[in-house]
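Chain residues, written in single-letter form:
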Amino acid sequence: ELKVEQNPLFLSMQEGKNYTIYCNYSTTSDRLYWYRQDPGKSLESLFVLLSNGAVKQEGRLMASLDTKARLSTLHITAAVHDLSATYFCAVDTSNFGNEKLTFGTGTRLTIIP
Amino acid sequence: DVKVTQSSRYLVKRTGEKVFLECVQDMDHENMFWYRQDPGLGLRLIYFSYDVKMKEKGDIPEGYSVSREKKERFSLILESASTNQTSMYLCASRTQPSGANVLTFGAGSRLTVL
């Protein structure tokens, strides 16, 4: 059974600081997604990583994928308050040719002024 | 923009009731999914469907069933609701994966079973 583990589960950080969220998964996959969820809202797509070594950046967020280590990271640079949200990684796996997405537990990020 | 619409944002039901959660998408997507979201557990896949009348069990299908009679509509059914099915239910859809095909989520349906 595929396991997708994120850590930390909760992260409280000061504005201006850097930090990294980790996503480990237990089976072979070369497609990984990051989503963001604001309180009371649904999930929105942030990044799609499609191959080993893939790196995507948008604003203060940067995501990378190492398929050999089965690890993805989401790096936050110089955090600002409006990055406060819950972040999920999700791994695409094939089920008889039909891919399904398995999500991690999420990391609730709180940025403190 | 793709729209995924869930019919009810909030529902309160009693133990033993039959519950229908409806999801409609307007972009002709083949794949549709039902997840439940619980604190500390992330999103867990209940069922998914890769085409009309097709369905596949996800990781936690027990106590649920689904129906996909039309391409745009995917219904989640709780035959006899129980308190441990109190949760946020999220529907999502996407085209057949080939490359970067992200899920588009609905706003969610928060179900409370008393």
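Here we summarise the structure given alongside this text.

The rules behind the values
- Residues numbered from 1 in each chain as written.
- Chains lettered and ligands numbered in written order.
- Predicted model: local features only at pLDDT ≥ 70, side-chain atom pairs only at ≥ 80, totals over all residues.
- Heavy atoms only, no water.
- Helix = DSSP H or I, 4+ residues; strand = E, 2+ residues; numbered from the N terminus.
- Buried < 20%, exposed > 50% of the residue type's maximum accessible area, 1.4 Å probe, protein only.
- Contact = heavy atoms within 4.5 Å.
- Areas by Shrake-Rupley, 256 points an atom, 1.4 Å probe, with all protein chains shown as cover.
- Lys, Arg positive; Asp, Glu negative; His and termini not counted.
- Charge placed at Lys NZ, Arg CZ, Asp CG, Glu CD.
- Pairing = 2+ DSSP bridges.
- Axes fitted to C-alpha atoms, helices over the stretch in contact; angles between N-to-C directions.
- Phe/Tyr/Trp six-rings, centres within 6.5 Å; stacked < 30°, edge-to-face > 60°.
- Core = buried A, V, L, I, M, F, W, Y, C linked by side-chain atoms within 4.5 Å.

### A few points about the overall build of chain A
Part 1 of the argument: Scanning chain A from N- to C-terminus turns up 0 helices and 11 strands.
Part 2 of the argument: The linear arrangement of helices and strands in chain A, starting from the amino end, is β-β-β-β-β-β-β-β-β-β-β.
Part 3 of the argument: By its C-alpha atoms, chain A is 50 × 30 × 20 Å across when sized along the principal axes.
Part 4 of the argument: Within chain A, the proportion of its 113 residues that are buried is 48%.
Part 5 of the argument: In chain A, of all internal contacts separated by at least 6 residues, the share reaching a separation of at least 24 is 54%.
Part 6 of the argument: In the form shown here, chain A has an accessible surface area of approximately 5600 Å², with 50% of it arising from carbon and sulfur atoms.
Part 7 of the argument: The average position of the 11 basic charges and that of the 11 acidic charges among the side chains of chain A differ by 3 Å.

### Details of the sheet that holds strand β3 (residues 19-25) of chain A
To summarise the sheet geometry, strands pair through backbone hydrogen bonds and adopt either a parallel or an antiparallel arrangement.
Residues and elements named next belong to chain A.
Part 1 of the argument: Pairing in this open sheet of 5 strands is antiparallel, and the strands run β1-β3-β8-β7-β6 from one edge to the other. Sheet topology places β1 (4-7) and β6 (55-58) at the edges, where each strand pairs with a single neighbour. Strand after strand, the sheet turns through a mean of 15 degrees between neighbouring axes, direction not considered.
Part 2 of the argument: One ladder, built from 4 bridges, connects β1 with β3; its direction is antiparallel. Residue pairing in the sheet places Val4 in a bridge with Tyr25 of β3.

### Here we look at the packing of aromatic side chains
Part 1 of the argument: With the rule as written, the count across this model stands at 10 aromatic pairs over all chains.
Part 2 of the argument: Both rings, one in A:Phe88 and one in A:Phe103, keep their centres 6.4 Å apart while their planes meet at 80 degrees; by these two values the pair is edge-to-face. In this pair, A:Phe88 is assigned in strand β9 (residues 85-95) and A:Phe103 in strand β10 (residues 98-103), connecting sequence segments 15 residues apart.
Part 3 of the argument: Summarising the aromatic geometry, the rings of A:Phe103 and B:Phe105 are spaced 6.0 Å apart at their centres and angled 75 degrees between planes, so their arrangement reads as edge-to-face. Pair noted here: A:Phe103 is in strand β10 and B:Phe105 is in strand β10 (residues 104-105), and the two residues belong to different chains.

### Points about the side chain of A:Arg36
Residues and elements named next belong to chain A.
Part 1 of the argument: Tracing the backbone shows Arg36 in strand β4 (residues 32-37).
Part 2 of the argument: Owing to a relative accessible area of 16%, Arg36 belongs among the buried residues under this scheme.
Part 3 of the argument: Each residue touching Arg36, except ones within four places of it in the same chain, is listed here: Ser42, Leu43, Glu44, Leu46, Asp82, Leu83, Ser84, Ala85, Thr86 and Tyr87.

### Observations regarding the nonpolar core
Part 1 of the argument: Core analysis: the largest hydrophobic core is formed by 25 residues, its most contacted members being A:Leu32, A:Trp34, A:Leu74 and A:Tyr87.
Part 2 of the argument: Contributing elements (two or more residues each) for this core: β2 (10-14), β3, β4, β5 (43-49), β7 (61-66), β8 (71-76), β9 and β11 (107-112) of chain A.
Part 3 of the argument: In terms of residue count, β9(A) provides more of this core than any other element does, 4 residues in total.
Part 4 of the argument: Residue contacts for A:Leu32: discarding those within four places in its chain leaves A:Cys23, A:Tyr25, A:Phe47, A:Val48, A:Leu49, A:Leu65, A:Ser72, A:Cys89, A:Ala90 and A:Val91.
Part 5 of the argument: B:Met32, B:Trp34, B:Val66 and B:Tyr89 belong to the second largest nonpolar core, which has 20 residues in total.

### Regarding the pairing of β5(A)
Residue and element names in this part refer to chain A.
Part 1 of the argument: Across 6 bridges, the pairing between β4 and β5 is antiparallel. Counterpart to Leu32 in the pairing with β5 is Leu49.
Part 2 of the argument: From the end of β4 to the start of β5, which pair antiparallel, there are 5 residues, and Gly40 there has a positive phi angle of about 75 degrees.

Structural measurements only, silent on function.
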